[in-house]
Amino acid sequence: DMKFFIMMGLMVITGTLNTIFLNLQNKAYDTVLNAKFNHPWFQTILMFIGEFYCAIMWFFMKKSIRQQEEEKRITNPKSTYLSLPDPPPWVFLISCMCDLVGSTLLNFALLNMAGSVFQMLRGGIIVVTCVFMIIFLKKYPKNFEWLGVGIVFVGVFLVGLASQLDKGNGKTVETN
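Residues numbered from 1 in each chain as written. Predicted model: local features only at pLDDT ≥ 70, side-chain atom pairs only at ≥ 80, totals over all residues. Heavy atoms only, no water.

Structural notes on the overall build of the chain
Argument step 1. Summing up its helical and strand segments, the chain has six helices and two strands in all.
Argument step 2. When the helices and strands of the chain are read in sequence order from the N terminus, they spell out α-β-β-α-α-α-α-α.
Argument step 3. Across the 176 residues of the chain, 14% fall into the buried class.
Argument step 4. The long-range fraction of contacts in the chain, counting pairs at least 24 apart against all pairs at least 6 apart in sequence, stands at 62%. (Helix = DSSP H or I, 4+ residues; strand = E, 2+ residues; numbered from the N terminus. Buried < 20%, exposed > 50% of the residue type's maximum accessible area, 1.4 Å probe, protein only. Contact = heavy atoms within 4.5 Å.)

Below is the structure:
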């Protein structure tokens, strides 16, 4: 389906633009205060405001989505459609708090490293997700998934190592 590839492309583009704009914002120099912009909490708040707008949009679209699902069930009664109940909003509190802390830590990290290295190291979330899946869900990856997680781990390790070695030699990966 073409929609899938368009959505995937938009996610890559907007994710890249997010890192570029955060990095540019961090490098902005305020002539009035004679200091660089250094406010990762503010950047996190702006990101959460944007996510809140998405939640508002979902709230308004929820009714039309439910109507479409109901029409599909009426037109095709033999389908084995599983209807899930609406969870209470407080269920999402833990994941929202983890996202808040993680996003803020990422914004702090972007202050101290090149945007290109930052973007590559964000791929480490795959390894963290795999570890949490094993710990909390007691579900183990299949062999090919272990291979993928291993390749990601080695890649993230090598990018981080190269960044640190370049820093030790006085070189910078990205010009400031």
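Back to the text.
As for the packing of aromatic side chains
By convention here, two paired aromatic rings are described through the distance between centres and the angle between planes.
Argument step 1. For the coordinates displayed, the defined rule picks out four aromatic pairs.
Argument step 2. Judged by centre distance (5.5 Å) and plane angle (75°), the ring pair of F4 and F5 falls under edge-to-face.
Argument step 3. On the accessibility criterion, F4 (52% relative accessible area) is exposed.
Argument step 4. Aromatic pair F153 and F157: ring centres 6.5 Å apart, planes at 20°, arrangement stacked. Of this pair, F153 and F157 are both found in helix α6 (residues 143–168), four residues apart, which corresponds to roughly one turn of the helix. (Phe/Tyr/Trp six-rings, centres within 6.5 Å; stacked < 30°, edge-to-face > 60°.)

Re unusual backbone geometry
Backbone phi values are negative for most residues with the exception of glycine, while trans is the configuration of most peptide bonds.
Argument step 1. Unusually for a residue other than glycine, K138 sits at a positive phi of about 55°.
Argument step 2. As for its placement among the helices and strands, K138 is situated in the loop between α5 (125–137) and α6.
Argument step 3. Judged by its relative accessible area of 63%, K138 falls in the exposed class.

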